[in-house]
Amino acid sequence: MNYFPDEVIEHVFDFVTSHKDRNAISLVCKSWYKIERYSRQKVFIGNCYAINPERLLRRFPCLKSLTLKGKPHFADFNLVPHEWGGFLLPWIEALARSRVGLEELRLKRMVVTDESLELLSRSFVNFKSLVLVSCEGFTTDGLASIAANCRHLRDLDLQENEIDDHRGQWLSCFPDTCTTLVTLNFACLEGETNLVALERLVARSPNLKSLKLNRAVPLDALARLMVCAPQIVDLGVGSYENDPDSESYLKLKAAIKKCTSLRSLSGFLEAAPHCLSAFHPICHNLTSLNLSYAAEIHGSHLIKLIQHCKKLQRLWILDSIGDKGLEVVASTCKELQELRVFPSDLLGGGNTAVTEEGLVAISAGCPKLHSILYFCQQMTNAALVTVAKNCPNFIRFRLCILDPTKPDHVTSQPLDEGFGAIVKACKSLRRLSLSGLLTDQVFLYIGMYANQLEMLSIAFAGDTDKGMLYVLNGCKKMKKLEIRDSPFGDTALLADVSKYKTMRSLWMSSCEVTLSGCKRLAQKAPWLNVEIINENDNNRMEENGHEGRQKVDKLYLYRTVVGTRMDAPPFVWIL
Amino acid sequence: MSESVAAEHNYIGLSEFPTMEATTMSDKTKTRDNNNVDDNGLNFKATELRLGLPGSESPDRVDSRFLALNKSSCPVSGAKRVFSDAINESNKWIFSTGSTTATGDVGSGSGPGSSAVKDGKSTTFPKPAVPVKEKKSSATAPASKAQVVGWPPIRSFRKNSMASSQSQKPGNNSETEEAEAKSGPEQPCLYVKVSMEGAPYLRKIDLKTYKSYLELSSALEKMFSCFTIGQFGSHGGCGRDGLNESRLTDLLRGSEYVVTYEDKDSDWMLVGDVPWEMFICSCKKLRIMKSSEAIGLAPRVMEKCRSRN
């Protein structure tokens, strides 16, 4: 196999960056496996319990960049107790002991503590990039350690984390010698910000490209920051709260005009709508716009802004934009690739203003659309069929009808045919979320047509085990299957145990699986961790004579090469 | 484990909040100990709000609550599981009975009496799964969206941000009662803006997390800690006492700042006159002003008081 010296092969491998491709390369032969593992710098671990840090480091000793994901996806919606797991500390401790030259760490749904952040900051001299998404368990003290100790910090990107804000001076912990920042995102912090320290930090960071402020940064401070950083590419505006006196506003307008590199805009947490027009001059350059937190901006102001954004590729908004607003988007944003429409009224009081019409308009107007997340009150099969015809290129299709089992509002039929049309037409579909009234039929379609599907989210759907079986038998590339409140039970769970070898994980909550079914599965598949999460009657599960037939509240199973984890809390029972 | 609960992030920024609530709650319960039924004819024992940290209540209180639960109509085993969770699990915030009764009786509707529920910390609340439907086969929708745990599927972070903005919608305050009848962790909060003279930016607080003017006062004090806030009102749990004229002027003279609020009629009122429950229903915004400016409000306030009496 080796016609070339190892160095040449290694050089070729340098061009292969996707971890999937790298994994494939390593399977070709022993020699390639060896070369690949020594040259691998970036490792992606989709489930932190599938492997442990020691084995990771044995295989990839030259690791520089690590991505770790912890809790299952439904943890985002409070379905997983906070103490379930996903702790970062053991990983940092192991990495620190091994003296690996860690430079980048990207975490999602992990429990991060100040202690682990402190250890991280002290253990890796070249540490450059920290990205935390949907994590929790730490405070601004942890951020202070990162700021103070990471001499070459390039990225500090905090996305939607639950951070205890001690309102300390973490921003002033960046030493005066720190001039390397490229990304600074602290939009999710709720407390006060030391504006002076922030301005000085931004002023001494000539490479700063992405700056996302939190709600404590008022308008006049924003203007000053933009003057310091005209090179900014990605701006999170933060509060935008104070009604500015005319001088502040003029300064802001002037500063914005100078930011000719600005491509991405977000924030507007408490926006005064009339200030939006200050951004109109640069809108024609924008490729990404996130107004999904701008609850105070109403339809007409949104539309006025969007009408200027002809190059938009990514748009996240609230449904207050309305179907009419979406029609404007459809006629203006011809480059649109990704759209997310979030509900503005979580009470579901009928104030939601988007329906199937908005979705159809977008599909008709935006030929490049490939990813959509759409929260709406109602849907019809006819609309979905039209959408499928207009947009056969969907990679991600997530539809959330706020009333979980609502049928087609015109025909009162289940939405099986609509979703069936989507999976049939969209041959590259990788991610799908279902909602509305659905029978086993939709799963038949999914099993038949969704050949590339990797992630499927099911809620309040299906009639019998057949539904789940169609999916397990049909979707060869399934990686993550998450199901809640659906009548799938042991028959479906146990039908093809070896299927779970090819999947990362399966989540089933409030379904029909029983304890004895789970036990049987665990026996048949020792390479699976079968976890039962029973916060309610942990003790009852064991004592009860009927335990076999007792339904399991939450089941989470995942393949692993390191067996049962040791850090599970008492209410998690690993079979 | 309990540390992680105590340190859990209160996104308002009041990390002292849990302790404060715990003491208040136990105080409240002592006064109500002998009354199963309060003035409104509601069975408070059965619907007691539990926001205190575990361990802040005595064991027998927990037991009697459990008994009260068994007596109340909880035919669904799902609801029972929630309660045994409340007793067995020492690491969790204890759910109010009202919420689970409501979710247990899907479709049968729950009266406002069974749900004096408020969960100010909808973010970090570990929730036991209470299935909305016992049998899935019938495709009955849940009685109310707000009752389904984890639905709609939106990240907590986003939900909190939206909740804090929702209080700004007109008419939100009038729906407070209806909102309270909806149970479970997803119910809305009552966020109002708090501005202060001289402060560079505004804050937002959830009025529903407080039970009295005293709590509100201390919370505001902590939030705007560099300023002194005048003491207003002496309203405890039941909150029916009004503030008489001389007391008001005493307070105003005695302190540098007072708290005022904008009510539904867009009038600026002095905080502390009306019963707490009435106050949170009508308050749209809060403003901390210098007492010299607030004096002008007092006469009007007294007029309104007199017209009520």
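Residues numbered from 1 in each chain as written. Chains lettered and ligands numbered in written order. Predicted model: local features only at pLDDT ≥ 70, side-chain atom pairs only at ≥ 80, totals over all residues. Heavy atoms only, no water.

Q: Give a detailed account of the overall build of chain B, specifying residues and quantitative values.
A: Looking only at helices and strands, one finds 12 helices and 5 strands in chain B. Within the span of chain B, comprising 309 residues, buried residues form 59% of the whole. Once local pairs closer than 6 in sequence are excluded, the contacts in chain B between residues at least 24 apart make up 66%. Put simply, chain B shows about 12,800 Å² of open surface, and 53% of that area lies on carbon and sulfur atoms. (Helix = DSSP H or I, 4+ residues; strand = E, 2+ residues; numbered from the N terminus. Buried < 20%, exposed > 50% of the residue type's maximum accessible area, 1.4 Å probe, protein only. Contact = heavy atoms within 4.5 Å. Areas by Shrake-Rupley, 256 points an atom, 1.4 Å probe, with all protein chains shown as cover.)

Q: So, the packing of aromatic side chains: which residues are in play, and what are the values?
A: Evaluation of the coordinates by the stated rule reveals 22 aromatic pairs over all chains. A centroid spacing of 5.0 Å and a plane angle of 90° characterise the contact between Tyr213 of chain B and Trp276 of chain B, whose relative ring orientation is edge-to-face. Here Tyr213 of chain B, found in helix H8 (residues 213-223), pairs with Trp276 of chain B, found in helix H10 (residues 276-282); they are 63 residues apart in sequence, far enough to count as distant. On the accessibility criterion, Tyr213 of chain B (0% relative accessible area) is buried. Residue class for Trp276 of chain B comes out buried when judged on its relative accessible area of 2%. Taken together, the ring pairs connect Tyr49, Phe74, Phe77, Trp84, Trp507, Tyr556 and Tyr558 of chain A into an aromatic cluster. Here the basic side chain of Arg565 of chain A rests over the ring of Trp84 of chain A, its NZ or CZ set 4.4 Å away from the ring centre. (Phe/Tyr/Trp six-rings, centres within 6.5 Å; stacked < 30°, edge-to-face > 60°. Lys NZ or Arg CZ within 6 Å of the ring centre and 35° of its normal.)

Q: Account for helix H6 (residues 114-123) of chain A, naming residues and giving values.
A: Residues spaced three or four apart along an α-helix face the same direction, because each turn holds 3.6 residues. Residue and element names in this part refer to chain A. Listing the buried residues of H6 in full gives Ser116, Leu117, Leu120 and Ser121. Here the buried residues of H6 occupy an arc of 135° about the axis, which is enough to place them on one side. Facing away from the buried surface of H6 by more than 90 degrees, the exposed residues are Glu115 and Arg122. (Arc of directions from axis to C-beta.)

Q: Tell me about the nonpolar core, and name the residues and values.
A: If you look at the biggest cluster of nonpolar residues, it comprises 185 residues, and the most contacted ones within it are Leu184, Phe397 and Ile446 of chain A. It is helix H9 (residues 219-228) of chain A that contributes the most residues to this core, 6 residues altogether. Filtering out sequence-adjacent residues up to four positions away, Ile446 of chain A remains in contact with Val423, Leu432, Leu434, Leu453, Leu456, Val471 and Cys475 of chain A. The next biggest cluster of nonpolar side chains, apart from the first, holds 25 residues, and it includes Val192, Ile205, Ala219 and Leu286 of chain B. (Core = buried A, V, L, I, M, F, W, Y, C linked by side-chain atoms within 4.5 Å.)

Q: Which residues make up the pairing of strand S2 (residues 65-69) of chain A, and what values go with them?
A: Across a regular strand the side chains alternate sides, sitting on one face of the sheet and then on the other. Residues and elements named next belong to chain A. With respect to burial, S2 is a largely interior element, 5 of its 5 residues being buried. As paired elements, strand S1 (residues 42-45) and S2 share 4 bridges and run parallel to each other. Considered in S2, the bridge of Ile45 is made with Leu68. With respect to chirality, the unit in which S1 leads through helix H4 (residues 53-59) into the neighbouring parallel S2 is right-handed. Pairing analysis gives 5 bridges linking S2 to strand S3 (residues 104-108), with the strands arranged parallel. Among the inter-strand pairings, Ser65 is bridged to a residue of S3, identified as Glu104. One crossover worth recording links S2 to the parallel S3 by way of helix H5 (residues 89-98), and it is right-handed. (Pairing = 2+ DSSP bridges. Right-handed = clockwise from strand over helix to strand, strands pointing away.)

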